[in-house]
Each structure stands twice: as structure tokens, then as C-alpha cells.
Amino acid sequence: MQFAPELLERLRRARHIAAFTGAGVSAESGIPTFRDAQTGLWANYRAEDLATPEAFRRDPSTVWNWYAWRRDLMRAVKPNPGHLAIAALERLVPRVTVITQNVDGLHLQAGSSDVIELHGNIWHNLCANCGRPAAEAELDAGTPPACPHC
Ligand SMILES: [Zn+2]
């Protein structure tokens, strides 16, 4: 990873840095932005109307299948040079925190170790009732799995 000399010098003096990221960093990996993703079967829905706990309570099957579709879009993507550059900062700075709006998990895949995912992670689902994690094997399309605890 090559950093500009002035940036490299500043990074070497830093003790803790934070990187804020959003859809732009993952677009290069082929992940459409939240709103641009609405195509095909989902073109008639507004993403904002599907991505809320209220939407899930109103229509769990539709929201579950929308997330399954989004997971399918993300399944084959890999971290790009942007994710890798941010992860490489950990070799220069004692502490690097990544704060992201993205749910794709690509910062973690790239090797960043301190990642705050503001909107969660599309691969980690929680029971809407008790908050316990759902098993990853249960993430297929169809109807949402029953929680083994509720
Ligand atoms: Zn539960």
C-alpha cells in the first residue's frame, strides 16, 4: 500500500484515527447503493419502506425476502483497494476505528479489526422479539425462521 509522503508522516504520528465510510467505498466492489439497488422485483418498493423494524412487523415475509435478495447481491463481492487501504492503516497507527454505514461486512473481510457498523451487518440477523442472533444457516429466502428462544 502506497500513501502520499505527507499523509504517511501524519499517520506515523497519530495514535488513534477514525475512518468514516458509506456506500461509496463499497460501490467499487460492485455493491449498488442502498437506493440504486431497487431493481427488478423490488423496483416498485422504496428501500426506506423496507429497511425498518416497523416494516418487518407489518410484513415480515416481504422484508425478509428483500434482505435475502440483498444478501445474494453481496455474496460474491470482495473488499476493494479502498477497504484494503483502510485496513492497512493498522500497520501504521496504534489504533484505527472504522465507522461505517455499510452493512456488507467488507471492512471486516479486508482485515480491519475495530469496525462500528452503524446500521448492522446484513450477515448477522437478530430476532425482532428477543434480540438474540439468528443462525446464519437460516438466512435463506422464504419466510423468516422462527426464533428458537421465543
Ligand atoms: Zn427471539
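Here, every reference points to the structure presented above.
How each quantity is defined
Residues numbered from 1 in each chain as written. Predicted model: local features only at pLDDT ≥ 70, side-chain atom pairs only at ≥ 80, totals over all residues. Heavy atoms only, no water. Helix = DSSP H or I, 4+ residues; strand = E, 2+ residues; numbered from the N terminus. Contact = heavy atoms within 4.5 Å. Phe/Tyr/Trp six-rings, centres within 6.5 Å; stacked < 30°, edge-to-face > 60°. Lys NZ or Arg CZ within 6 Å of the ring centre and 35° of its normal. Buried < 20%, exposed > 50% of the residue type's maximum accessible area, 1.4 Å probe, protein only. Donors = N, O, S within 2.8 Å, 3.2 Å for Na, K, Ca; no water. Tetrahedral: all angles 85-135°; square planar, octahedral: opposite > 155°, others 65-115°. Salt bridge = Lys/Arg side-chain N within 4 Å of Asp/Glu carboxyl O.

### Concerning the environment of Q109
Right, so step 1: Structurally, the position occupied by Q109 is in helix α7 (residues 106-110).
Right, so step 2: Taking C-alpha positions, Q109 is 18 Å from N125, a pair spaced 16 residues apart along the chain.
Right, so step 3: In contact with Q109, not counting residues within four places along its chain, are V77, K78 and P79.

### Concerning the packing of aromatic side chains
Right, so step 1: Following the criterion strictly, the structure yields one aromatic pair and no others.
Right, so step 2: Ring plane angle 75° and centroid distance 4.9 Å describe the contact between W66 and Y67, whose orientation is recorded as edge-to-face.
Right, so step 3: For the cation-ring pair, R70 lies above W66, with the distance from its terminal atom to the ring centre recorded as 4.6 Å.

### Looking at the environment of Q101
Right, so step 1: Residue position: Q101 is located in the loop between β2 (95-100) and α7.
Right, so step 2: Looking at Q101, the relative accessible area reads 46%, which means it is partly exposed.
Right, so step 3: Linking Q101 and E9, residues 92 residues apart in sequence, is a C-alpha distance of 28 Å.
Right, so step 4: Leave out the neighbours within four places in its chain, and Q101 touches T21, G22, L118 and H119.

### Quick word on the coordination of the zinc ion
For a metal bound by four donors in a tetrahedral arrangement, the ideal donor-metal-donor angle is 109.5 degrees, while six donors in an octahedral arrangement ideally sit at 90 or 180 degrees.
Right, so step 1: The protein atoms that coordinate the zinc ion are C127 (SG), C130 (SG), C147 (SG) and C150 (SG), at distances of 2.3 Å.
Right, so step 2: The site at the zinc ion holds four donor atoms, and with the angles between them running 106 to 114°, its shape is tetrahedral.
Right, so step 3: Residue C127 is classed as buried on the basis of its relative accessible area, which comes to 17%.
Right, so step 4: A residue is classified by how much of its surface remains accessible, and C130, at 34% relative accessible area, is partly exposed.

### Here's the deal with the pattern of salt bridges
Right, so step 1: Across all of its chains, the model carries four salt bridges by this definition.
Right, so step 2: In this structure, the salt-bridge partner of E9 is R13, at a minimum N-O distance of 3.6 Å. You can see E9 and its partner R13 sitting in helix α1 (residues 5-13), four residues apart, about one turn around the helix.
Right, so step 3: The exposure class assigned to R13 is exposed, which follows from its relative accessible area of 58%.
Right, so step 4: Two residues, R95 and D114, come together in a salt bridge whose shortest N-O distance is 3.5 Å. Here the residue R95 occupies a position in strand β2, and D114 occupies one in the loop between α7 and β3 (115-117), the gap between them amounting to 19 residues.
Right, so step 5: Residue classification places R95 among the partly exposed residues on the basis of a relative accessible area of 45%.

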